[in-house]
Each structure stands twice: as C-alpha cells, then as structure tokens.
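Understanding the architecture of this molecule
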Amino acid sequence: MNATNFDIAIIGGGVIGLSVARALSGQKRRVVVIDAGHETPPATDAAAGMLAASFESAAEESMADALYALGAQSLAAWPAFAAMLEDETGLSLDYRDDGIVAVAFDEGQAAALKDSGEQLCARGGAAWFLDGGEARRLEPALSDRVVAALYAPGDAQVDPRKLLIALRAAFRKTAGRFFGERVVQVEGDKAGHRLMLSNGERLVAKTVVLASGAAATQLIAGLPPPPITPVKGEALAVDRSENTFRHVIRCPAQPALPYLCPKADGRVIIGATEIAGRRDAGVDDASVRKLRAGAAEVVPAVRDWPEIERWSGLRPATPDGAPILGRDRRGPDGVFLALGHYRNGILLAPACAEALAREILGESAPSPSPLIHLQPFHPERFVSSAGEGEHG
Ligand code: GLY
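So, here's what we can say about the structure. The structure presented is a predicted model; accordingly, all values stated were derived computationally and were not measured.

1. With respect to the site of the ligand
Around the ligand sit Ala46, Met50, Tyr259, Ala272, Arg315 and Arg343, and those are all the residues in its vicinity. For the ligand, an oxygen atom lies 2.5 Å from a polar atom in the side chain of Tyr259. At a separation of 2.7 Å, an oxygen atom of the ligand approaches a polar side-chain atom of Arg315. Partitioned by chemical class, the residues of the shell around the ligand number 4 nonpolar, no polar and 2 charged.

What follows is the structure, given as structure tokens:
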C-alpha cells in the first residue's frame, strides 16, 4: 500500500493536538491529525475549563515559577485565541474572564490563602484577599460559613467541550487531514517518519508531534517512553436554572477540594476527583456524592440543583506536575512532544501551541510576543544522574 505524505503528523486530536495544528496551519505545511477517539477517555472530560493560572501549581517546587510564567502567558493569550476561534467558526466557547474565587472556612485556611495571594503578587499576578462579607458581596451564592476568600480577577474560564468542537471545526476549514485511527507504530528519522495506523494505512511525515495525552505510550521507535501516568477525574453537572451564581469557586482542601464552574447554558460543572493510575471511564457513585456534598458546603443552593450528567476523563500527569514540551534529543530527529499538561491543558493550549509551532518551524513561524520559553519543560529533565531513562 502506498503511504500518504505529510509535512507534520500530530498524534492526538484533543485540545493540545488541535491547538498545535491550528498554530501550524497557514504556514504552507501539509498537516495531518490522527486520533483514536475515546479509546482513552480524553483529558478534556476531566476539565471544567478553569483557566486557573493563579491557583494550579506544579507538584515540584523546582517547576513552580516556570509553570506559573507559562500559565500567565497563556492566560494573556486566551482572549485573542478565543475571539479568533469564535470568529472563524461562528461557535461560542463561553469564554468568561470574571476571575476565580478560592474560599476558606477557618483561620488556618484563610492564612494559607493569604500566603498564596502574596506569593502570586510577588510573581507579578493579581489577587485580592477578601473577608467573608466581601466574598459574599462578590458572589452572593457563597455560604455564611465562608470566612475569607482569595479572588484572582485575571483568571477565566471556557467551556471545554465547546472549545474542542470549535477546534475541530477550525481544523476542518484548513487543508489539514484527519484520521480517526490509532497510531500503532512510528519509525524513522528526519528524512521521514513512517506511521502505521490501526486500519493498516501508512503515512509518512517529516515531523511528528506526540500530543496523545494519557494515551502516550512507547510507540515511537528510539524515543524513551515519556513519563506520563493517567490521573482520572470524575465530574458532574447540575442545573442552576435561574440562579445568578456566576464565579468559578474553588473549595478548601478539607473536607474535599471540588470546584464549581457555572456555564452560560445554566449548567454548573462540579469537578473533579483525582485517582492516579486508573484508565477506565467509569464514574463512582460515592465520588459524585462526595463532590456534590463538598460543593454544597460552599454554595448551599447546589443541594437543590438537579444532576444533569456525570462523566470522567484522564489527565496526563508527569512526575513534577509540569508539561513535557519540545524535542527529546535522545530520540529521533523531527519528533516533538506536547504532553503531560495534567490539570492545565486548557489553560496552556494557546501558549504551548504557539511556542511549539515556533520550535517546529524555526524562524519562519510568527513570533509570539513576548517570546514563550519552552526550555524549562524539556523532555530530558526526568533523567537522573543514576542512569538514562530513570525519572527524577
Ligand atoms: N483542571 C482541573 C482539573 O483537572 O480537575
């Protein structure tokens, strides 16, 4: 069978893969996106669409500043990214920049929020520390039990499903090709990578981008296996009907750490559990009850809002909680990684896509302003001095 030739093959048609495809489109490159569909529940299904640059931090302190900087740059890129995507497709993403509110129930939690607000301001972010009354004036749906809150006015949210639908629609408008298949194997070098698909079809591409989320496996010959583990997230949506509840709310870690994201269509997404190592799509009844109970502690009206649906997705986690971006110099030339966005794939999509397009295309790519640095996220950082392939 003859192979079809492309300049760039992107393995993974989720938010990250399609955002990279979008950043590469219009650059006179033949782009193909290959996606196996719901064989692995997508990370987008674990997301409620918070663009929470001020709150989501890396698991390793060594990556915290770099992840914050990347998140802040991506948050700043979001308004233009959303507006262009909406213009091109005529679809709404429900992008809203009303900020995000994290709440406290006691003095200990309030002190922790105050500290994180100070740290955020020291990094150049914006955060307002509010007492309980001020928090309720900002968001009247909050419980009387809330004694303090940290409001990050620059954070935002988007509807993750609408985003994925719009990215797919935008990609269909380009000359790019889409294959709904699994990639079984990739072999080659910069002269050309041969991709074998599950239906037996073969493709050839000069450049390969691995953006397959939690499904990232050892399918590229010569590339050390990326250290990705799935962290399952279960979520539910309730119907808030006429209620004016408006802000994204993050609950305290005790008794649970749910967040609530009110969407324009009347749904409130309540997410999400964190279960490491599970790959199945099931949703546990007890998990959903716990999420809803935690959310109702903070927004009591949640108790009365009917459940509309529940679902789960797999976040792709890395050992240090930060993504893996760029070329792995131990692997074949022409292979780039866009993996491990864990809880931040939606937030990081615009910045990662722009920066990767620039790394792939070199100087011919439009220059993002200011320049986004991928170096801290390079794939080789997990190799310990004890030996190749170990994860630090
Ligand atoms: N982005 C939030 C989550 O992954 O649950």
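2. Here we look at helix α6 (residues 285-298)
For α6, built from 14 residues, the straight-helix expectation of 20 Å at 1.5 Å per residue is met to within 8% by its first-to-last C-alpha distance of 21 Å. Among all positions of α6, only Ser287, Val288, Leu291, Arg292, Gly294, Ala295, Ala296 and Val298 are buried. Contacts from the buried residues of α6 go to β4 (100-104), β12 (229-239), β13 (248-250), β14 (259-262), β15 (267-271) and β17 (307-317).

3. As for the pattern of salt bridges
Under the counting rule described, the total for this entry stands at 24 salt bridges. The closest approach of N and O atoms between Asp7 and Lys206, which form a salt bridge, is 3.2 Å. Residue Asp7 is found in strand β1 (residues 4-11), and its partner Lys206 is found in strand β11 (residues 202-210); the two are separated by 199 residues along the sequence. Across the salt bridge formed by Arg123 and Asp65, the nearest N and O atoms sit 2.9 Å from each other. Note that Arg123 is positioned in the loop between α3 (107-122) and β5 (128-131) and Asp65 in helix α2 (residues 64-89), a separation of 58 residues in sequence. For Arg123, a relative accessible area of 28% corresponds to the partly exposed category.

4. Description of the packing of α2 against helix α5 (residues 160-173)
Between α2 and α5, the shortest axis-to-axis distance is 9 Å and the interhelical angle comes to 60°. Regarding the angle of α2 to α5, the classification is oblique. When you trace α2 past α5, the crossing you get is left-handed. Side by side, α2 and α5 meet where Trp78, Phe81, Leu85, Glu88 and Thr89 of the first sit next to Leu163, Ala166, Leu167, Ala169, Ala170 and Lys173 of the second. Within the contact of α2 with α5, the residues separate by chemical class into 8 nonpolar, 1 polar and 2 charged.

5. A closer look at the environment of Leu70
With respect to the helices and strands, Leu70 occurs in helix α2. When its relative accessible area of 2% is taken as the criterion, Leu70 is described as buried. The spatial distance from the C-alpha of Leu70 to the C-alpha of Asp189 is 30 Å, given a sequence separation of 119 residues.

6. So, the packing of aromatic side chains
For the structure on display, the rule yields 4 aromatic pairs. Measuring from centroid to centroid gives 5.0 Å for Trp78 and Phe81, while their planes differ by 80°, and the two rings are edge-to-face. Residue Trp78 and its partner Phe81 are located together in helix α2, separated by 3 residues, close to a single helical turn. Under the relative-accessibility criterion, Trp78 is labelled buried at 0%. A ring pair is formed by Phe245 and Trp305, whose centres lie 6.1 Å apart and whose planes are at 25°; its orientation type is stacked. With Phe245 in the loop between β12 and β13 and Trp305 in the loop between α6 and β17, this pair connects stretches of sequence that are 60 residues apart. Accessibility classification places Phe245 together with Trp305 in one group, the buried group. Lying across the ring of Phe105, Arg145 places its NZ or CZ 4.0 Å from the centre.

7. Looking at the pairing of strand β19 (residues 335-339)
Of all 5 residues in β19, 5 are buried; the element is thus mostly enclosed. The alternating pattern of β19 places Val335, Leu337 and Leu339 on one face and Phe336 and Ala338 on the opposite face, and all of these are buried. Sheet topology note: the strand β18 (residues 324-327)/β19 ladder contains 4 bridges and is antiparallel. Bridging across to β19, Ile324 finds its partner in Leu339.

Definitions and cut-offs
Residues numbered from 1 in each chain as written. Predicted model: local features only at pLDDT ≥ 70, side-chain atom pairs only at ≥ 80, totals over all residues. Heavy atoms only, no water. Near = heavy atom within 4 Å. Polar contact = N/O pair within 3.5 Å; in protein donor to acceptor, adjacent residues only side chain to side chain. Nonpolar A, V, L, I, M, F, W, Y, C, P; charged D, E, K, R; others polar. Helix = DSSP H or I, 4+ residues; strand = E, 2+ residues; numbered from the N terminus. Expected span 1.5 Å × (residues − 1). Buried < 20%, exposed > 50% of the residue type's maximum accessible area, 1.4 Å probe, protein only. Contact = heavy atoms within 4.5 Å. Salt bridge = Lys/Arg side-chain N within 4 Å of Asp/Glu carboxyl O. Axes fitted to C-alpha atoms, helices over the stretch in contact; angles between N-to-C directions. Parallel < 35°, antiparallel > 145°, perpendicular 65-115°, else oblique. Left-handed = near helix turned anticlockwise from the far one by under 90°. Phe/Tyr/Trp six-rings, centres within 6.5 Å; stacked < 30°, edge-to-face > 60°. Lys NZ or Arg CZ within 6 Å of the ring centre and 35° of its normal. Pairing = 2+ DSSP bridges.

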